[in-house]
Amino acid sequence: MREVVIASIGYTRVSEHWEKSLKGLFMEASLKALENAGLNVKSLDGLYVANAFAGYLQRQTNLANIMAESLGFFDGFAISIDSGGASGGIAIHEAYNDVARGIRDIVLVCGVEKMSEASPQDVLLAQMSVGDQEHFRFSGITIHSLAALIYKTYMKRFNVKQEDIALMSVISHEHASTCSHAQFPFKVSLEAVMKAPIVSDPIRALEIPAPCDGAAAVIVCSHEKAKEIGLPHIKIAASRIARDSFNLNERSDLLAMEALVRASRLAYEDARIKPSDLSFVELYDDYTVMGVLALEKLGLCEPGEGVKLLKSGEVSLKGAMPVNTFGGLKARGAPVGAVGVYQAVEAYLQLVDSAGANQVKNARVGATYCGCCFNSIVVVNIFERCC
Amino acid sequence: MATSAYWRTRLCRYRLIGNRCQSCDRVFFPPRFMCPYCNSTKLEECKLPDRGRLLEYTIVYSTPKGYEAMTPYVVGLVELENGVRVLAQITDVNLENIKEGMEVEACIRRIPEQLEEKIICYTYKFRPVIK
Ligand SMILES: [Zn+2]
């Protein structure tokens, strides 16, 4: 297996980009990644496009083909990845495998999402469309209501208050406050979070991401190729995917999150690291409680101690285990299918010391995790400083 | 939803019918094509018990189009008498009277789905057992 790296990045701010289309966002991020590397589209031999909702919200299917056309990418391989919030991570996983096995040398991965021009109710339906439509459509079960069941189970089992879990949102906003590509680059107080309207009891509106638009792109290539390009690059040390039962009613324990445990342990093994070796972690905090649970499932603390870790301050940028270093889903923003690629971009910025005010000191190795439908699919990618 | 798609799920929606793996005896709801535990495709229809208890619930305020008239409503995780769990709306209950562990039973209620043929659609929900 060859050594695989990320040799260039490009991204848009996460925002409501009224003036930009799905294609416009894709082009902006992709062209930046190519330009940064001084590469022509002709030098690519693969394109992965990650997206969750275009089929539903823009009625645009066949995404990779459409985007390859826009990019003038005529003689290569272009594939769409459609796995909800896991899409971006899976696209990177595929590119990594292609390059590691020597199937392709240089691959562009772009995650793109456009949610701002749909009504909030359509966004809610799109979010629910990742579930099994045959049985859950028009059951009244919303994605937020499922998260609420997990949330309440967590509070009871570990005897913690909502304030303790909601702190996740405050920390993410604090990190986003100095992040120029964040959707919400400002701080929020715990009081404000706790006073926000309830979406599904007990979840408050400031504990979940807002609809947004954005695109992020990375160039995945072999180590030799990166040295040829002569740009800073980071190593993809591991990439693992795991699945869990899709329907929450079929999981014996709502808090088990088995796929996240499995994918992360396999990834640590591949990368030959322990959780404590990580310099930073980017979580898939689509709900505050999912972020807290992830701290535990990733092995950063003991079960039930996620809240303790949050309160300890160790997860802040200056702590021993910084998480969501640019604001995570809540504050950097969650362009769903693009999230995994934004996380890779952020890992790149940290590991080539280009994270500015958000720089984690002596960052050596970072993990990113994204998932779909309460971790029914999980991708854990591990990145390392190179050379 | 297409009328045929609604029609195909009628046994689940009206009668809580799932299926049982003939080789390992596990019961699935909604029904599966294959048992994920032993990979058997020999599954038989199986009527689930109508009664169970409410394991956990949430009051839903942010709801999709069509649900305005019933918002806020309750969604719960119900464990039926045979141990099978079902996610559903909890109905016929005042929000202040609902609690975990309460006994519930299945009932049929209208859902805000519009089929082209203007058929009125129904699905299972759960309500408190009145003693
Ligand atoms: Zn079986």
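So, how was this worked out
Residues numbered from 1 in each chain as written. Chains lettered and ligands numbered in written order. Predicted model: local features only at pLDDT ≥ 70, side-chain atom pairs only at ≥ 80, totals over all residues. Heavy atoms only, no water. Helix = DSSP H or I, 4+ residues; strand = E, 2+ residues; numbered from the N terminus. Contact = heavy atoms within 4.5 Å. Lys, Arg positive; Asp, Glu negative; His and termini not counted. Charge placed at Lys NZ, Arg CZ, Asp CG, Glu CD. Pairing = 2+ DSSP bridges. Axes fitted to C-alpha atoms, helices over the stretch in contact; angles between N-to-C directions. Expected span 1.5 Å × (residues − 1). Buried < 20%, exposed > 50% of the residue type's maximum accessible area, 1.4 Å probe, protein only. Phe/Tyr/Trp six-rings, centres within 6.5 Å; stacked < 30°, edge-to-face > 60°. Lys NZ or Arg CZ within 6 Å of the ring centre and 35° of its normal. Patch = residues over 30% accessible without salt bridge, like charges linked within 9 Å, V, L, I, M, F, W, Y side chains within 5 Å. Areas by Shrake-Rupley, 256 points an atom, 1.4 Å probe, with all protein chains shown as cover. Salt bridge = Lys/Arg side-chain N within 4 Å of Asp/Glu carboxyl O. Donors = N, O, S within 2.8 Å, 3.2 Å for Na, K, Ca; no water. Tetrahedral: all angles 85-135°; square planar, octahedral: opposite > 155°, others 65-115°.

Peer 1: Mind showing me how you'd approach the overall build of chain A here?
Peer 2: Scanning chain A from terminus to terminus reveals 15 helices and 11 strands. For chain A, the spread of C-alpha atoms along the principal axes amounts to about 55 × 45 × 35 Å. The long-range share in chain A, meaning contacts at least 24 apart out of those at least 6 apart in sequence, stands at 78%. For chain A, the centre of its 37 positive side-chain charges and the centre of its 43 negative side-chain charges are spaced 3 Å apart.

Peer 1: What exactly am I supposed to notice about the sheet that holds strand β2 (residues 46–50) of chain A here?
Peer 2: Strands belonging to one sheet form pairs held by backbone hydrogen bonds; the direction of such a pair is parallel or antiparallel. All names here are of chain A. Taken in spatial order, the 9 strands of this open sheet run β3-β2-β4-β7-β1-β8-β11-β10-β9, and their pairing is mixed. The open sheet terminates on both sides in strands that have one partner only, identified here as β3 (78–81) and β9 (280–282). When the angles between neighbouring strand axes are averaged without regard to direction, this sheet yields 25°. In the sheet, β2 pairs with strand β4 (residues 106–114) via 5 bridges, with the strands oriented parallel. Bridge assignment links L47 to a residue of β4, and that residue is L108. Each of β1 (4–11), β4, β7 (213–222), β8 (234–243), β9, β10 (365–372) and β11 (377–385) touches helix α15 (residues 339–351); the most contacted strand, β1, lies at about 105° to it.

Peer 1: In this structure, what is going on with α15(A)? I would like to understand it.
Peer 2: An α-helical segment advances 3.6 residues per turn. Residues three or four places apart therefore align on the same side. Under the 1.5 Å per step criterion, the end-to-end length of α15(A) is 18 Å for 13 residues, consistent within 8% with the ideal 18 Å. In terms of residue burial, α15(A) counts as a mostly covered element, since 13 of its 13 residues are buried.

Peer 1: Even after reading the chapter, I still don't get the pairing of strand β1 (residues 17–21) of chain B, so can you show me in this structure?
Peer 2: Regular strands have side chains that alternate between both faces of the sheet. All names here are of chain B. Buried residues dominate β1, accounting for 4 of its 5 residues. With 5 bridges joining them, β1 and strand β3 (residues 43–47) adopt antiparallel strand pairing. Each residue of the ladder has a partner; that of C21, found in β3, is L43. Between β1 and strand β2 (residues 27–28), which follow one another and run antiparallel, lie 5 residues, and D25 among them has a positive phi close to 75°.

Peer 1: Would you take a moment to explain the sheet that holds β2(B) for this structure?
Peer 2: All names here are of chain B. On the basis of which strands lie adjacent, the open sheet formed by 3 strands has the order β2-β1-β3 and antiparallel pairing. Strands with a single pairing partner mark the edges of an open sheet, and in this sheet they are β2 and β3. Sheet topology places β1 next to β2; 2 bridges connect them, and they run antiparallel. Note on β2: the bridge partner recorded for N19 is F28.

Peer 1: I would appreciate a short explanation of the packing of aromatic side chains in the present structure.
Peer 2: Each aromatic ring pair is specified by the distance between its two centres and by the angle formed by the two planes. If you walk through the whole model with that rule in mind, you get 9 aromatic pairs over all chains. When the centroid spacing of 6.3 Å and the interplanar angle of 70° are considered together, the rings of Y6(B) and Y14(B) count as edge-to-face. Taking relative accessible area as the criterion, Y6(B) reaches 5% and is therefore assigned buried. Judged by relative accessible area, Y14(B) falls into the partly exposed class, the value being 37%. Taking NZ or CZ as reference, R104(A) lies 3.5 Å from the ring centre of F77(A), over its face. The ring of W7(B) has R10(B) sitting right over it, with the charged end atom 4.2 Å from the ring centre.

Peer 1: Just checking my understanding: could you explain the pairing of strand β6 (residues 85–90) of chain B for this structure?
Peer 2: Residue and element names in this part refer to chain B. Burial of β6 is extensive: 5 of the 6 residues sit out of reach of the surface. Where strand β5 (residues 73–80) and β6 come together, 6 bridges link them in antiparallel fashion. Looking at β6, one finds that E79 is bridged to R85.

Peer 1: Got a minute to help me understand unusual backbone geometry in this structure?
Peer 2: Peptide bonds are, in most cases, trans, and in most cases residues other than glycine have a negative phi. Going from D201(A) to P202(A), the amide bond is cis rather than trans, its omega being 10°. With respect to the element layout, P202(A) can be found in the loop between β5 (198–200) and β6 (203–204). Residues T71(B) and P72(B) are joined by a peptide bond in cis, for which omega reads 0°. Examined against the element boundaries, P72(B) turns out to sit in the loop between β4 (51–60) and β5. Here F374(A), not a glycine, exhibits a phi torsion of approximately 55°, which is positive. Note on placement: F374(A) falls in the loop between β10 and β11.

Peer 1: Whenever I open this one, a nonpolar patch on the surface confuses me. Can you help?
Peer 2: On the surface, Y14(B), I108(B), I120(B) and Y122(B) cluster together into a nonpolar patch covering about 320 Å² of accessible area. Among the secondary structure elements, I120(B) is positioned in the loop between β7 (103–111) and β8 (121–128).

Peer 1: Help me out: how do you make sense of the coordination of the zinc ion in this one?
Peer 2: Six octahedral donors at a metal ideally form angles of 90 or 180 degrees, and four tetrahedral donors ideally form angles of 109.5 degrees. Residues and elements named next belong to chain B. In the first shell of the zinc ion, the protein supplies C21 (SG), C24 (SG), C35 (SG) and C38 (SG), at 2.3 to 2.4 Å from the metal. Taken together, the 4 donor atoms coordinating the zinc ion span angles of 97 to 124° at the metal, a pattern that classifies the geometry as tetrahedral. Donor residues binding the zinc ion come from one chain and are separated in sequence as C-x2-C-x10-C-x2-C. Of this pair, C24 sits in the loop between β1 and β2 while C35 sits in the loop between β2 and β3, placing them 11 residues apart in sequence.

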